[in-house]
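Residue strings, one per chain:
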Amino acid sequence: GIVVVDVAVLEMSRPPSRCEIRLHAELDGGYSAYAAQLPGVVSEGETREQAIRNVTEALDAALQTYREARQPIPWRTSVEPLAEGETQTWIPVVI
């Protein structure tokens, strides 16, 4: 018989186990943060820890949106090198 595979579900079933978060201290205080592997997931916070919490919430919301819409998650398989002044951390990905 013929087996039909939903590509969106297939792609969503293999996310990375963790996501790289890039942080940048802003000149006027606080931090900006973004998920290096998922375009459009950005946030900010007064402290580094708050920025990480906020971008984690943004990542969770983005993943839920893709799931609910049954859309493939556009994970980047490679990322740019760290920009000057950026630091990185890793957070677990929960699908």
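Remember, predicted model here, so these are calculated numbers, not experimental data.

### Concerning the nonpolar core
Link 1 in the chain: Counting 17 residues, the largest nonpolar core has Cys19, Ile21, Leu38, Val41, Leu59, Leu63 and Trp75 as its most contacted members.
Link 2 in the chain: Every element with two or more residues in this core is listed here: strand S1 (18-25), strand S2 (31-35) and helix H2 (48-68).
Link 3 in the chain: Broken down by element, this core gets its largest block of residues, six residues, from H2.
Link 4 in the chain: Not counting the four nearest positions on each side in its chain, Leu59 is found in contact with Cys19, Leu38, Val41, Trp75 and Ile91.

### As for the side chain of Glu20
Link 1 in the chain: Looking at the element boundaries, Glu20 is found in strand S1.
Link 2 in the chain: One polar contact links Glu20 to Arg22, side chain to side chain, over a distance of 2.5 Å.
Link 3 in the chain: One polar contact links Glu20 to Gln88, side chain to side chain, over a distance of 2.6 Å.
Link 4 in the chain: Every residue in contact with Glu20, bar those within four places of it in the chain, is listed here: Tyr34, Ala35, Ala36, Gln37, Val79, Leu82, Gln88, Thr89 and Trp90.

### Remarks on the confidence of the model for the chain
Link 1 in the chain: When the pLDDT values of the chain are averaged, the result is 86; 83% of them are 70 or greater.
Link 2 in the chain: Confidence drops under a pLDDT of 50 for residues 3-13, and excluding neighbours within four residues, the segment shows 13 contacts in the predicted structure.

### Some points on a negative patch on the surface
Link 1 in the chain: Together, Glu26, Asp28, Glu44 and Glu46 line one region of the surface with negative charge.
Link 2 in the chain: Within the secondary structure, Glu26 is located in the loop between S1 and S2.

### What to know about unusual backbone geometry
Trans peptide bonds make up the majority, and among non-glycine residues the majority have a negative phi.
Link 1 in the chain: Within the chain, Arg70 stands out as a residue other than glycine whose phi angle is a positive 55 degrees.
Link 2 in the chain: With respect to the element layout, Arg70 can be found in the loop between H2 and strand S4 (86-92).

### Some words on the pattern of salt bridges
Link 1 in the chain: Taken as a whole, this structure holds two salt bridges when the rule is applied.
Link 2 in the chain: With its nearest N and O atoms 2.5 Å apart, the salt bridge here joins Glu20 to Arg22. Here Glu20 matches Arg22 in class, with each residue buried.
Link 3 in the chain: In this structure, Arg22 and Glu86 form a salt bridge, with 3.5 Å as the shortest nitrogen-oxygen distance. With Arg22 in strand S1 and Glu86 in strand S4, the pair connects residues that are 64 residues apart, well separated along the chain. The pair Arg22 / Glu86 is uniform in exposure class, with both members buried.
Link 4 in the chain: The structure contains a network of salt bridges with shared partners spanning Glu20, Arg22 and Glu86.

Basis of the calculations
- Residues numbered from 1 in each chain as written.
- Predicted model: local features only at pLDDT ≥ 70, side-chain atom pairs only at ≥ 80, totals over all residues.
- Heavy atoms only, no water.
- Core = buried A, V, L, I, M, F, W, Y, C linked by side-chain atoms within 4.5 Å.
- Buried < 20%, exposed > 50% of the residue type's maximum accessible area, 1.4 Å probe, protein only.
- Helix = DSSP H or I, 4+ residues; strand = E, 2+ residues; numbered from the N terminus.
- Contact = heavy atoms within 4.5 Å.
- Polar contact = N/O pair within 3.5 Å; in protein donor to acceptor, adjacent residues only side chain to side chain.
- pLDDT = per-residue confidence, 0-100.
- Patch = residues over 30% accessible without salt bridge, like charges linked within 9 Å, V, L, I, M, F, W, Y side chains within 5 Å.
- Areas by Shrake-Rupley, 256 points an atom, 1.4 Å probe, with all protein chains shown as cover.
- Salt bridge = Lys/Arg side-chain N within 4 Å of Asp/Glu carboxyl O.
- Lys, Arg positive; Asp, Glu negative; His and termini not counted.
- Charge placed at Lys NZ, Arg CZ, Asp CG, Glu CD.

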